[in-house]
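Chain by chain, the residues run as shown.
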Amino acid sequence: MSSPRLEVEYADPTPLQARIDTHRKYSEKPDDPGTDVLAAIELTGTEHLADIGCGDARFLANLAARGHHGPLVGIDTSPAMVAAAAAIPGVQAVLAYAEQIPFDDNTFDVVTARHMLYHVPDPRAALAEFRRTTRPGGAVTVVVNHPHTCPRTAELIAAHAGSYGITTTEAFTATVDSDSLPAMMIDTFGTVRIHRSDNALVFDAAAPLIRFAEALFGFHGVTPDHPQRQAILTDMSEDIEDWFAHHPGQSWRDPKGYIVATAAT
Ligand SMILES: C[S@@+](CC[C@H](N)C(=O)[O-])C[C@H]1O[C@@H](n2cnc3c(N)ncnc32)[C@H](O)[C@@H]1O
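The sections below set out a description of the structure shown in this document. Since we're looking at a predicted model, the values are computed, not measured.

All right, on to the packing of helix α2 (residues 14-26) against helix α9 (residues 206-215) then. In contact at an axis separation of 8 Å, α2 and α9 are set at 140 degrees when each is read in the N-to-C sense. One way to sum up the angle between α2 and α9 is to call them oblique. For α2 against α9, the interelement crossing comes out left-handed. Along the contact surface, α2 presents Pro15, Ala18, Arg19, Thr22, His23 and Tyr26, while α9 presents Pro208, Arg211, Phe212 and Ala215. Broken down by class, the residue content of the contact of α2 with α9 amounts to 6 nonpolar, 2 polar and 2 charged.

A separate point is a negative patch on the surface. Taken together, the side chains of Glu238, Asp239, Glu241 and Asp242 present a region of like negative charge at the surface. By the element assignment, Asp239 lies in helix α10 (residues 229-246). Judged by relative accessible area, which is 34%, Asp239 ranks as partly exposed.

Let us now look at the sheet that holds strand β4 (residues 108-114). Taken in spatial order, the 7 strands line up as β3-β2-β1-β4-β5-β7-β6 in an open sheet, and their pairing is mixed. Each edge of the sheet is formed by a strand with only one pairing partner; in this case those strands are β3 (91-95) and β6 (193-203). Within this sheet the neighbouring strands show an average axis-to-axis angle of 15 degrees, counted without direction. Summarising the sheet, strand β2 (residues 72-76) and β3 pair through 5 bridges and their orientation is parallel. Pairing of Gly74 across the sheet is with Ala93, part of β3. Its contacts with the sheet put helix α6 (residues 123-133) on β1 (49-52), β4 and β5 (134-145), and the angle it makes with β5 is roughly 150 degrees.

Tyr10, Gly53, Asp76, Ala98 and Arg114 are the nearest of the 21 residues found near the ligand. Interatomic distance of 2.7 Å between a backbone N/O atom of Gly53 and a nitrogen atom of the ligand. Note that a nitrogen atom of the ligand is positioned 2.9 Å from one of the backbone N or O atoms of Ala98. Protein chains bury 96% of the 600 Å² of accessible surface belonging to the ligand in isolation. For the shell around the ligand, a count of residues per class yields 11 nonpolar, 7 polar and 3 charged.

Cut-offs used in this document
- Residues numbered from 1 in each chain as written.
- Predicted model: local features only at pLDDT ≥ 70, side-chain atom pairs only at ≥ 80, totals over all residues.
- Heavy atoms only, no water.
- Axes fitted to C-alpha atoms, helices over the stretch in contact; angles between N-to-C directions.
- Helix = DSSP H or I, 4+ residues; strand = E, 2+ residues; numbered from the N terminus.
- Parallel < 35°, antiparallel > 145°, perpendicular 65-115°, else oblique.
- Left-handed = near helix turned anticlockwise from the far one by under 90°.
- Contact = heavy atoms within 4.5 Å.
- Nonpolar A, V, L, I, M, F, W, Y, C, P; charged D, E, K, R; others polar.
- Patch = residues over 30% accessible without salt bridge, like charges linked within 9 Å, V, L, I, M, F, W, Y side chains within 5 Å.
- Areas by Shrake-Rupley, 256 points an atom, 1.4 Å probe, with all protein chains shown as cover.
- Salt bridge = Lys/Arg side-chain N within 4 Å of Asp/Glu carboxyl O.
- Lys, Arg positive; Asp, Glu negative; His and termini not counted.
- Charge placed at Lys NZ, Arg CZ, Asp CG, Glu CD.
- Buried < 20%, exposed > 50% of the residue type's maximum accessible area, 1.4 Å probe, protein only.
- Pairing = 2+ DSSP bridges.
- Near = heavy atom within 4 Å.
- Polar contact = N/O pair within 3.5 Å; in protein donor to acceptor, adjacent residues only side chain to side chain.

Right, here's the structure in full:
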């Protein structure tokens, strides 16, 4: 089950959309986990597919736009994300936890869980649910980040949050990453195929880095209604602007990456 803090973080899709937008525009190499997932599962267009932790459901919208005519299901714990999925014609949107998927055994041909499993306190329980609800001969594809992804930006936010007394204990900790997922998938499914993406965010100016860092505030305990939020944002923005002023012609580079792990069921 997700924590109340995680539910606050995803109550509004805007920070998630700002992060996705940043990865699309400011990655050193093209960054498109959705395309990597599609390459891993090779859909025919007829599959009954569930996307768990579907977020703003752009993956399902893309499938529908490509003419996928099998049933599409979006599952998420955030009412705002479920509403976004429900707005896509033909998508069944369901408010539920990955650890308790309200569908019968062997319902789906394909289950995808993109950039969500690290939020689940017991990722093995969610993987067991993915297996239970996917029919034999189907596929489960999970995307998770590398450990310590974007460490430079994370350190910057943590330092500014820390100067206002917000400690790392208030930050989210990933429960699974690209180092630990393959063994978990093998334990659950007996097999796993890995596609790895190693990349970096590269910023040539302060504004997009400030926007990205602010979109990560919730993960560092700086909640939308935190009384010091504006002061932390002001200090951090000045710090970032200072960095660019003192490093003319240089870019802010922050390593990141993910794996797409696919198991046959
Ligand atoms: C980082 S976002 C990723 C959204 C989308 N999959 C994407 O890649 O753009 C994580 C999503 O997982 C959802 N989530 C978190 N914990 C969950 C859980 N236990 N079960 C289902 N969804 C969950 C959040 O509400 C959020 O929409």
